[in-house]
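Listed below are the residues making up each chain.
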Amino acid sequence: MLYDDAYIKSLIKTVENWPKEGISFRDITPIFSDPKGLRIAVDAYIHRYINANITHIACIDARGFLIAAILAYELQKPLILIRKKGKLPGATISEKYSLEYGEAELEIQQGSVKKGDTVLLFDDLIATGGTLFAAINLLKKQGAEINEVAAIIDLPDLKGSKRITEANIPVYSLCSYDGE
Ligand code: AMP
């Protein structure tokens, strides 16, 4: 093992019944306030992707931005922001997706990737995979391929990582939690 996953897990705080009843919210902010934890997490991704065939790193609004920006700097790759509707200026492409209650929409700037690009897609957490699939569709609509989806946390019982793998996109996470 290249990194101390027990240490990363010891930093993640579970907040029960937040933001609503029945949800175990996995709070990653303590990783960012712990310099050793941030280094361990970032180094794990750098080791994994330093020789990977990736042309771009894309990341999802907002917690996905945090580590992805460091990776883009360290791996010297262009960083592409996939944002919630209405945040990106200029011509955009958008993709609607379902949340537990209602719908949401993600956007990417037109021309940010193109055919032939191979993208590492980053978000903080994989639950149902709905958010990541919307991002995958935005990248694919512009002709790019997804090299891998990376996250800090996987919640395998919600089947998002399984659905993404079944779509022939590899998934990597630093740790996982059973249950929801
Ligand atoms: P999903 O589209 O269902 O895969 O949900 C993924 C997004 O929702 C991620 O960007 C997370 O930030 C957020 N999310 C979903 N479930 C949780 C949870 N239990 N703890 C923290 N964030 C969550």
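Computed from a predicted structure; not experimentally measured.

Draft legend 1. Representation of the sheet that holds strand 5 (residues 92-98). The sheet built from seven strands is open, its strands ordered 5-6-4-3-7-8-9 with mixed pairing. Two strands close off the open sheet at either side, each with one partner strand: strand 5 and strand 9 (171-176). Across the sheet, the mean angle separating the axes of adjacent strands is 20 degrees when strand polarity is ignored. Inspection of the sheet shows strand 8 (residues 145-154) paired to strand 9 by five bridges, in the parallel sense. Along strand 9, the bridge assignment pairs isoleucine 153 with cysteine 175. Where helix 3 (residues 35-49) meets the sheet, it contacts strand 7 (118-126), strand 8 and strand 9, and its direction lies at approximately 155 degrees from that of strand 9.

Draft legend 2. Structural context of unusual backbone geometry. The omega angle of the peptide bond from tryptophan 18 to proline 19 is 0 degrees, so this bond is cis rather than trans. With an omega dihedral of -5 degrees, the bond running from aspartate 61 to alanine 62 counts as a cis peptide bond. For alanine 62, the position within the fold is in the loop between strand 3 (56-60) and helix 4 (63-75). Despite not being glycine, asparagine 168 shows a phi value in the positive range, around 65 degrees.

Draft legend 3. Broad picture of the layout of surface pockets. Computed from the structure, the largest pocket encloses a volume of approximately 1100 Å³. Contributing to the lining of the largest pocket are 35 residues, with Arg63, Leu99, Leu125, Ala127 and Thr131 lying nearest its centre. Of all the secondary-structure elements, those providing two or more residues to the lining of the largest pocket are strand 2 (24-27), strand 5, strand 6 (103-109), strand 7 and helix 5 (130-141). The element best represented in the lining of the largest pocket is strand 7, accounting for four residues.

Draft legend 4. Structural detail: the site of the ligand. The ligand sits among 13 residues. The nearest are Arg63, Asp123, Thr128, Gly129 and Thr131. With respect to the ligand, the backbone of serine 24 contributes an N or O atom lying 3.1 Å from a nitrogen atom. In this structure, threonine 128 approaches the ligand through a side-chain N or O atom, which is 2.5 Å from an oxygen atom. Relative to its free-state accessible area of 480 Å², the ligand is covered by the protein chains to the extent of 82%. A majority-of-atoms criterion places the ligand in the largest pocket. Listed by contribution, the elements that provide at least two residues to the shell around the ligand are strand 2, strand 7 and helix 5.

Draft legend 5. Looking closely at the pattern of salt bridges. For the coordinates displayed, the defined rule picks out eight salt bridges. The partner of lysine 85 in a salt bridge is glutamate 107, with the nearest N and O atoms 3.8 Å apart. Taken together, the residues span a long stretch of sequence, with lysine 85 in the loop between strand 4 (79-84) and strand 5 and glutamate 107 in strand 6 at a distance of 22 residues. One network of salt bridges, with partners in common, ties together Lys85, Glu105 and Glu107.

Thresholds applied
- Residues numbered from 1 in each chain as written.
- Predicted model: local features only at pLDDT ≥ 70, side-chain atom pairs only at ≥ 80, totals over all residues.
- Heavy atoms only, no water.
- Pairing = 2+ DSSP bridges.
- Helix = DSSP H or I, 4+ residues; strand = E, 2+ residues; numbered from the N terminus.
- Axes fitted to C-alpha atoms, helices over the stretch in contact; angles between N-to-C directions.
- Contact = heavy atoms within 4.5 Å.
- 1 Å grid on protein atoms, 1.4 Å probe; cavity = no way out; pocket = protein on both sides within 12 Å on 5 of 7 lines; lining within 4 Å.
- Points joined across faces, edges and corners; volume = space filled by probe spheres on them.
- Near = heavy atom within 4 Å.
- Polar contact = N/O pair within 3.5 Å; in protein donor to acceptor, adjacent residues only side chain to side chain.
- Areas by Shrake-Rupley, 256 points an atom, 1.4 Å probe, with all protein chains shown as cover.
- Sits in = over half its atoms within 2 Å of the grid points.
- Salt bridge = Lys/Arg side-chain N within 4 Å of Asp/Glu carboxyl O.

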